[in-house]
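If you want the building blocks of each chain, they are given just below.
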Amino acid sequence: MSAAREPVLASLRTRLLVPRLPRPWGPDVPEVHVIVVEVEDSHGNRGTGFSWTPTIGAGAVQSLLDADISRAALGGPTHPEAVWEVLWRHLHEAGGGGLTTIALAGLDLALWDLTARRLGEPIAGLLGRRRASMPAYGSGVNLHYSLEELLEQVQRWIVAGYGAVKIKVGKPEIEEDVERVAAVRKALGPGRRLMVDANQRWDLPTARRAVAALEPYGLHWLEEPLRAEDLDGHVQLRRSVSVPIAVGENLHTLQRFREYVAAGACDVIQPNIIRVGGITPFLRIAALAQSGSVELAPHLLTDLSAQLAATLPGAVHIEEVEDTSFETLGLLAAPSPVVRKGATIHLEPAPGLGLEFVERLAADEPHLPHAAHTSGVPA
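Calculation notes
- Residues numbered from 1 in each chain as written.
- Predicted model: local features only at pLDDT ≥ 70, side-chain atom pairs only at ≥ 80, totals over all residues.
- Heavy atoms only, no water.
- Core = buried A, V, L, I, M, F, W, Y, C linked by side-chain atoms within 4.5 Å.
- Buried < 20%, exposed > 50% of the residue type's maximum accessible area, 1.4 Å probe, protein only.
- Contact = heavy atoms within 4.5 Å.
- Salt bridge = Lys/Arg side-chain N within 4 Å of Asp/Glu carboxyl O.
- Helix = DSSP H or I, 4+ residues; strand = E, 2+ residues; numbered from the N terminus.
- Phe/Tyr/Trp six-rings, centres within 6.5 Å; stacked < 30°, edge-to-face > 60°.
- Expected span 1.5 Å × (residues − 1).
- 1 Å grid on protein atoms, 1.4 Å probe; cavity = no way out; pocket = protein on both sides within 12 Å on 5 of 7 lines; lining within 4 Å.
- Points joined across faces, edges and corners; volume = space filled by probe spheres on them.
- Nonpolar A, V, L, I, M, F, W, Y, C, P; charged D, E, K, R; others polar.
- Axes fitted to C-alpha atoms, helices over the stretch in contact; angles between N-to-C directions.
- Parallel < 35°, antiparallel > 145°, perpendicular 65-115°, else oblique.
- Left-handed = near helix turned anticlockwise from the far one by under 90°.

## Here's the deal with the nonpolar core
Okay, so step 1: With 117 residues, the main nonpolar core has F50 and L107 as its most contacted residues.
Okay, so step 2: Those residues in contact with L107 that sit more than four places away from it in its chain are L9, L12, V37, V39, L65, I69, A73, V83 and L87.
Okay, so step 3: Membership of the second largest hydrophobic core comes to seven residues, among which are A164, M195, A246 and A297.

## Observations concerning the pattern of salt bridges
Okay, so step 1: If you walk through the whole model with that rule in mind, you get 24 salt bridges.
Okay, so step 2: Here R13 and E38 are joined by a salt bridge, their closest N and O atoms 2.5 Å apart. Placement of R13 in strand β1 (residues 9-17) and of E38 in strand β2 (residues 33-41) is noted, with a sequence separation of 25 residues between them.
Okay, so step 3: Judged by its relative accessible area of 29%, R13 is partly exposed.
Okay, so step 4: Note that D267 and R238 form a salt bridge whose closest N and O atoms lie 2.8 Å from each other. Here D267 is found in the loop between α9 (254-262) and β9 (268-269), whereas its partner R238 is found in helix α8 (residues 231-240), with 29 residues between them in sequence.
Okay, so step 5: Residues participating in the shared-partner salt-bridge network are R13, R15, E38 and E359.

## Points about the packing of aromatic side chains
Okay, so step 1: Tallied over the full model, the rule gives five aromatic pairs.
Okay, so step 2: Taken together, a centroid distance of 5.9 Å and an interplanar angle of 15° make the contact between W84 and W88 stacked. Within this pair, W84 and its partner W88 are both found in helix α2 (residues 80-91), separated by four residues, close to a single helical turn. Here the two residues W84 and W88 agree in accessibility, since each one is buried.
Okay, so step 3: A connected cluster of aromatic rings, assembled from ring pairs, spans F50, F326 and F357.

## Considerations on helix α6 (residues 174-188)
Okay, so step 1: Taking 1.5 Å of rise per residue, the 15 residues of α6 would be expected to cover 21 Å, and the 21 Å separating its terminal C-alpha atoms lies within 8% of that figure.
Okay, so step 2: Along its buried surface, α6 packs onto α5 (147-160), β5 (164-168), β6 (193-197), α7 (204-214) and β7 (219-223).
Okay, so step 3: After α6 finishes, the residue G189 shows a positive phi value of roughly 75°.

## Comments concerning the layout of surface pockets
Okay, so step 1: Estimates place the volume of the largest pocket at around 750 Å³.
Okay, so step 2: Lining the largest pocket we find 32 residues, and of these W25, P54, T55, E249 and R275 sit closest to its centre.
Okay, so step 3: Counted as a void, the second largest pocket has a volume near 300 Å³.
Okay, so step 4: Secondary structure elements with two or more residues in the lining of the second largest pocket: α10 (279-291) and β10 (295-296).
Okay, so step 5: For the lining of the second largest pocket, the leading source of residues is α10, giving five residues.
Okay, so step 6: Looking at the lining of the second largest pocket residue by residue, the classes come out as 11 nonpolar, five polar and two charged.

## Topic: empty space enclosed by the protein
Okay, so step 1: Tallied over the entire structure, the rule returns four cavities of 30 Å³ or more.
Okay, so step 2: Within this model, the largest cavity holds a volume of roughly 90 Å³.
Okay, so step 3: Forming the walls of the largest cavity are L21, W25, V32, V34, W52, L300, L301, T302, T324, F326, L329 and L331.

## Section: the packing of α7 against α8
Okay, so step 1: Between α7 and α8, the shortest axis-to-axis distance is 10 Å and the interhelical angle comes to 25°. Considering the angle they form, α7 stands roughly parallel to α8. Like other packed secondary-structure pairs, α7 and α8 cross with a definite hand, here right-handed. Between α7, through L204, A207 and R208, and α8, the contact on the second element is made entirely by G233, Q236, L237 and S240.
Okay, so step 2: The residue makeup of the contact of α7 with α8, split by class, is three nonpolar, three polar and one charged.

Below you can see the structure in the form of C-alpha cells.
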C-alpha cells in the first residue's frame, strides 16, 4: 500500500479589514489595516493568518498575496519552513524586506495555523510552550497627547498593575520631552520601569543631547532614536551613552538584525512579527537575540506575539498598546486565546493561532468600500 500523498496548497483567499482605533495614533492614523489570509490544502484542512500595516501599503500587500505569492505557492508544500525561504528569494526582486516580507507574513502565519490545526495543537503547544502567563508592559502612541491626557493614561496603567510603561518622545523642543518624562516618572515612582520611544525622529547630535537631558529619570531603554537605516549612527550613540538602546520595529530581515547585533548597535531588539515576514523568520531572530546576548521585545500585535513569547527561553518583553487588542478593534468572531488580566497575559488553549476573524467589521460604513475587500485564488 502506498503512503498517503502529502497535501499541497490548494487555495488562498484574502480580505482587507480596516478597524478604527478607539484612541487614534494621531490625526493621520485613525485606523489600521489587517489583511486576513485564508488557505486550504488539498485534503481540505484550513488555516488563517494575517498581514498588517498601520497606514501605508495595505493594497500593495494584498495584491502581492493575491498575485505573486499565490502563483508561486499554490500546488506547493504547506509546511511554512519548507515554503518561506523559497518565496522570500522569489519575491526578492521587489525588495528583500518591507512590502514583500509584510505580505509573506500573511501566508506564513496561515500555514503555521494550518499545520497546528492539522495536528490539533495550539501554536504554542506545537512550538513547545514554556509558560502559560506573562507580564506585559503598558505602551501608548501618545506624543500628540496633552500632558494631562498622558498622565491620565499613565494612571490607567498604574491601576491595571503594569510594572513598566513606555511613552513617546520627540517633541520639537527637548525641554518639552523633559517636562513630560519628569511628570511620568513622578507619577510612576521609583519602582516601575520607564521606557521612551523616539520613533526615528532624531539625528545623532540631537539624540545625544536628548539622552543627556532625559537620563536622570532612570530610563530602562531608549527606542528608535535614529532612522532605522543608520547603523553606524546607532553604533556611535550606544558607545557614547549609558541608556540601553532598543531598535527593530523597522528592521525587516534576519540579516539586518544580525548586522545590528554584530556591530554592537543595540541592547534590545524589537522585531515586528509581520514586518519581518512571519513566525518562521521571527523564531530565527529570537534565537539571534539569545545568542547575541541582547533582550527581545516583540513590537505590537500582542494577540500574536504573546503566543510566541510563551515558547521562548528567557525573558521576553511583551508590549500591550492601549486599546489595540484584536477583540477591542472588533476583528474577531470568537474570543482571542490571549487573555488580558490587568497587566498579565494568559493563554487559553485554542487550535492553531486561535484567531477567528470576522467577515466584515460591524462598524463598516458605505463610504469605506475598502474595509472588507476580498480576493481569492481558487484551487
